[in-house]
Amino acid sequence: LQNEIDEYTGANGESRKTDILLQTATDYLQNPEDYETIANTLYEVDVEYVTNSASDAYKQLYYKLMELVGEDTAKALYANGSAAINQSDYTTAIIDLEKAWYFSANMEAPDPDILYELAQAYQMAGETDKAKEAYSRIMTDYPDSQASRKAEERAQGLEDEGGASQEEESSGED
């Protein structure tokens, strides 16, 4: 219970959840073009809290900030993540693309290409389960998209690789 209380109140007795959103608003007001700073604080907002527990004023501020910066932030992070993939820096790619997907997923029309790029980053980093999950989500949530067709091919490739590895392991046990 104390951990839950600390999560809400923070060290100085003020609401941490409110502080994060207020810091995001401050960051935006100080420099609306600084997508990285805005993204870092807005990304920390507990979406479950916004959806289930937050006051109407809190929700309005959160959704307004997402409306103001969400799309541009998603695009900037997507570009950064794609560049990191091209440099084989999969850790940075995953961090940026996870944030890009967070912003895209919270918009009216999410961009499945961002999730596809994230799935590729997971795959290249050897995080096969996360890659499969992302590919599956694309195929389920965006079945008519170009990303879905590409995801289906990649997912099948992962299944083929997994099947080959399992066959090799079982043939070595004989």
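Placed above this text is the structure.
Since we're looking at a predicted model, the values are computed, not measured.

> So what exactly am I meant to see when it comes to the packing of helix 3 (residues 35-42) against helix 5 (residues 56-86) here?
For any two helices packed against each other, the geometry comes down to the angle between their axes and how far apart the axes lie. The interhelical angle for the contact between helix 3 and helix 5, taken along N-to-C directions, is 125°, at an axis separation of 10 Å. The orientation of helix 3 relative to helix 5 falls into the category oblique. Like other packed secondary-structure pairs, helix 3 and helix 5 cross with a definite hand, here left-handed. Every residue of helix 5 that contacts helix 3 at Tyr-35, Ile-38, Ala-39 and Leu-42 is listed here: Tyr-62, Leu-65, Met-66, Val-69, Asp-72, Thr-73, Ala-76 and Leu-77. When grouped by side-chain class, the residues that make up the contact of helix 3 with helix 5 number ten nonpolar, one polar and one charged.

> It is not clear to me how the packing of helix 5 against helix 7 (residues 112-124) should be interpreted in this structure. Could you clarify?
Relative to each other, helix 5 and helix 7 sit at 30°, their axes nearing to 11 Å. As the angle between them shows, helix 5 and helix 7 are arranged roughly parallel. Here the hand of the crossing between helix 5 and helix 7 comes out left-handed. Mapping the contact onto sequence places Ala-74, Tyr-78, Ser-82 and Ile-85 in helix 5 and Asp-113, Ile-114, Glu-117, Ala-121 and Met-124 in helix 7. The class makeup of the residues in the contact of helix 5 with helix 7 is six nonpolar, one polar and two charged.

Calculation criteria
- Residues numbered from 1 in each chain as written.
- Predicted model: local features only at pLDDT ≥ 70, side-chain atom pairs only at ≥ 80, totals over all residues.
- Heavy atoms only, no water.
- Axes fitted to C-alpha atoms, helices over the stretch in contact; angles between N-to-C directions.
- Helix = DSSP H or I, 4+ residues; strand = E, 2+ residues; numbered from the N terminus.
- Parallel < 35°, antiparallel > 145°, perpendicular 65-115°, else oblique.
- Left-handed = near helix turned anticlockwise from the far one by under 90°.
- Contact = heavy atoms within 4.5 Å.
- Nonpolar A, V, L, I, M, F, W, Y, C, P; charged D, E, K, R; others polar.

Take it as geometry only, folks, not as evidence of what the structure does.
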